[in-house]
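# Per-entry structural report
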Amino acid sequence: MPLTDRELLARLIRCEAEGEGDNGMRGVASVVMNRVTVPYGEFFRLVHGDIRAAIFQPRQFTCVMEVVNGQYNPQNIFNMTPLQIHFDIADWAMTGNTLGAIANSLWYFNPFKPSCVSFFPPGENGTYLTRVNQHCYYIPTQKYAST
């Protein structure tokens, strides 16, 4: 049976940010929903309002990949069983809420070091905004609008 958008988002939240606390999980959920609703750029063209398309866009979320660097990735959304907190945060995000601290961020990543790079992803499409726990969040630059 196919997973609903709600369950996919809950699984992604658990997989990408379970160790980041409530705000970290809300941040990840906010980025997904920002990608779903952004009115310009790559995500608008490719995702165009579809949560499933945002989650499964190639090379965007490590937790969606079953193989990483040629090896099986056991920490993927297909192996996650969301808990009530993950569903609650998915519901919160799907009803239009976002974590204010990350504004309209479209990207995040864990640099596994104390500092965040100024631009992410490569190509200077996103500029650093803030850090929530281990994840650095990036808002689109003017350059992103033309992607």
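Check the entry above for the structure.
Report on the accompanying structure. Predicted model, so just to flag it, every value in this text is computed and none were measured.

Reading the values: the criteria
Residues numbered from 1 in each chain as written. Predicted model: local features only at pLDDT ≥ 70, side-chain atom pairs only at ≥ 80, totals over all residues. Heavy atoms only, no water. Phe/Tyr/Trp six-rings, centres within 6.5 Å; stacked < 30°, edge-to-face > 60°. Helix = DSSP H or I, 4+ residues; strand = E, 2+ residues; numbered from the N terminus. Buried < 20%, exposed > 50% of the residue type's maximum accessible area, 1.4 Å probe, protein only. Pairing = 2+ DSSP bridges. Disulfide = S-S within 2.5 Å.

## Section: the packing of aromatic side chains
Aromatic rings in a pair are described by how distant their centres are and how their planes are angled relative to each other. For the structure shown, the criterion picks out eleven aromatic pairs. Ring geometry for Phe-43 against Tyr-144: centres 6.0 Å apart, planes inclined by 35°, an arrangement best described as tilted. Pair noted here: Phe-43 is in helix α3 (residues 41–46) and Tyr-144 is in the segment after β5 (135–140), with a separation of 101 residues, a long-range link. Relative accessible area serves as the criterion here: at 1%, Phe-43 is assigned to the buried category. Taken together, a centroid distance of 6.0 Å and an interplanar angle of 25° make the contact between Phe-109 and Tyr-138 stacked. Of this pair, Phe-109 sits in strand β3 (residues 107–109) while Tyr-138 sits in strand β5; the two residues are 29 residues apart in sequence, bridging distant segments of the chain.

## Digging into the pairing of β5
Within β5, five of the six residues are buried, leaving the element largely enclosed by the surrounding structure. Where β3 meets β5, three bridges bridge the pair, whose relative direction is antiparallel. What sits directly across from Tyr-108, in β5, is Tyr-137. Linkage of strand β4 (residues 126–132) to β5, two consecutive antiparallel strands, is achieved through a turn of two residues, within which Asn-133 is found at a positive phi near 55°.

## Examining the state of the cysteines
Within this structure, the stated rule accounts for two disulfides. Across a sulfur-sulfur distance of 1.9 Å, Cys-116 and Cys-136 are joined as a disulfide pair. The S-S bond linking Cys-116 to Cys-136 shows a torsion near -80°; that makes this disulfide left-handed. On the criterion of sequence distance, the pair formed by Cys-116 in the loop between β3 and β4 and Cys-136 in strand β5 is long-range, its members being 20 residues apart. Disulfide partners in the protein chain, listed by the sequence order of the bonded cysteines, are 1-2, 3-4.

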